[in-house]
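Here's the letter readout for the chains.
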Amino acid sequence: MTSPTVSAIITVKNGEKYIGSAIESILRQEYPPLEILVVDDSSTDDTLNIAGSFPKVQLLERTRPGIGNGWNTGIKNASGDLVAFLTHDDLWTANKLKVQVAAIETDREKLFAVSRFEYFLEDENYIPSGFRPNLLSESHLGLTPHTLLASPEAFDTVGLFDEDLSTGEDTDWFSRAKDLEVPYLIVPQVLLKVRIHKSNTSLNTQENDQNLLEIIKRSIERKKAKKASTNG
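This report concerns the structure included in the present document. Keep in mind that what you see is a predicted model, and the values were worked out from it rather than measured. (Residues numbered from 1 in each chain as written. Predicted model: local features only at pLDDT ≥ 70, side-chain atom pairs only at ≥ 80, totals over all residues. Heavy atoms only, no water.)

**Thoughts on the nonpolar core**
So, point 1. Counting 35 residues, the largest nonpolar core has Val6, Ile10, Ile23, Ile36, Val38, Trp92 and Leu149 as its most contacted members.
So, point 2. Taken together, the elements giving at least two residues each to this core come down to β1 (6-12), α1 (19-27), β2 (35-40), β4 (82-87), α4 (96-106), β6 (112-121) and β9 (184-196).
So, point 3. In terms of residue count, β9 provides more of this core than any other element does, six residues in total.
So, point 4. In this structure, Ile9, Val39, Ile75 and Ala150 belong to the second largest nonpolar core, which totals 21 residues. (Core = buried A, V, L, I, M, F, W, Y, C linked by side-chain atoms within 4.5 Å. Buried < 20%, exposed > 50% of the residue type's maximum accessible area, 1.4 Å probe, protein only. Helix = DSSP H or I, 4+ residues; strand = E, 2+ residues; numbered from the N terminus.)

Quick look at the structure:
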């Protein structure tokens, strides 16, 4: 039986400062990916020139703004048996794909795998407002696309990422997977390094909170509908 191929998907907008490092972390994989799909959101800096200079990279353009559309564009264009994700400012550990592919190959009933991750500061002397310094001292469970390795069946079952959410599209996807009781694996190793810097969109607290409330509301409605269907 041949080993599954993996398509690596990166979303980016004006990421010239970090995109090279992100791609290098993919090319250093002990389990090499089939391809690297860089999905750009109308970058006006040197992002595309830098990304296009690396081997295995295919450049794609989002069809509408937002990270959700970026992920979905990558998924729809992926040729691999499995898909993995990374944002332009984060890094995979060298064993990321090797460990997760082995885990999924061992348990074929699981539709996706996630792992743990660690934060690191771009500038040790600068901690952005909204980020809690204590998060730097330990690893965290990564229910996020950046640790995700998934089969096409996972997206057939859960659906694609919600493109109408400006943030929280990842939380919404994993919430839907949980409500559907989709089987998945948690790899206990740290396989992702998340860079903390002043431009992190995840630190937009007000927008994140608004979207989180919408995601919780949707989950409650799904559970009510499921309960009504079961009782009916």
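This is not the end of the story, as more comes after the structure.
**Notes on a nonpolar patch on the surface**
So, point 1. Together, Leu141, Leu143, Tyr184 and Ile186 make up a nonpolar patch on the protein surface, roughly 320 Å² of accessible area in all.
So, point 2. The residue isoleucine 186 is located in strand β9 in this model. (Patch = residues over 30% accessible without salt bridge, like charges linked within 9 Å, V, L, I, M, F, W, Y side chains within 5 Å. Areas by Shrake-Rupley, 256 points an atom, 1.4 Å probe, with all protein chains shown as cover. Salt bridge = Lys/Arg side-chain N within 4 Å of Asp/Glu carboxyl O.)

**Some remarks on the pairing of β1**
So, point 1. With seven of its seven residues buried, β1 lies for the most part within the structure.
So, point 2. Summarising the sheet, β1 and β4 pair through six bridges and their orientation is parallel. Paired with alanine 8 across the two strands is alanine 84, which belongs to β4.
So, point 3. Pairing of β1 with β2 involves six bridges; the strand directions are parallel. For valine 12, the partnering residue across the bridge sits in β2 and is aspartate 40.
So, point 4. In this fold, the crossover linking β1 to β2 by way of α1 has right-handed handedness. (Pairing = 2+ DSSP bridges. Right-handed = clockwise from strand over helix to strand, strands pointing away.)

**Quick notes on helix α6 (residues 169-179)**
Two residues of an α-helix separated by three or four positions point the same way, owing to the 3.6 residues in each turn.
So, point 1. The buried fraction of α6 amounts to nine of the 11 residues, a majority that puts the element mostly inside the structure.
So, point 2. Of all the positions in α6, only Glu169, Asp170, Asp172, Trp173, Phe174, Ser175, Arg176, Ala177 and Asp179 are classed as buried.
So, point 3. Taken from the residues just after α6, glutamate 181 is the one with a positive phi, measuring 55°.

**Brief notes about unusual backbone geometry**
So, point 1. Unusually for a residue other than glycine, lysine 56 sits at a positive phi of about 75°.
So, point 2. Locating lysine 56 in the fold gives a position in the loop between α2 (47-52) and β3 (57-61).
So, point 3. Even without being a glycine, glutamate 181 presents a positive backbone phi close to 55°.
So, point 4. Its relative accessible area of 61% is what places glutamate 181 among the exposed residues.

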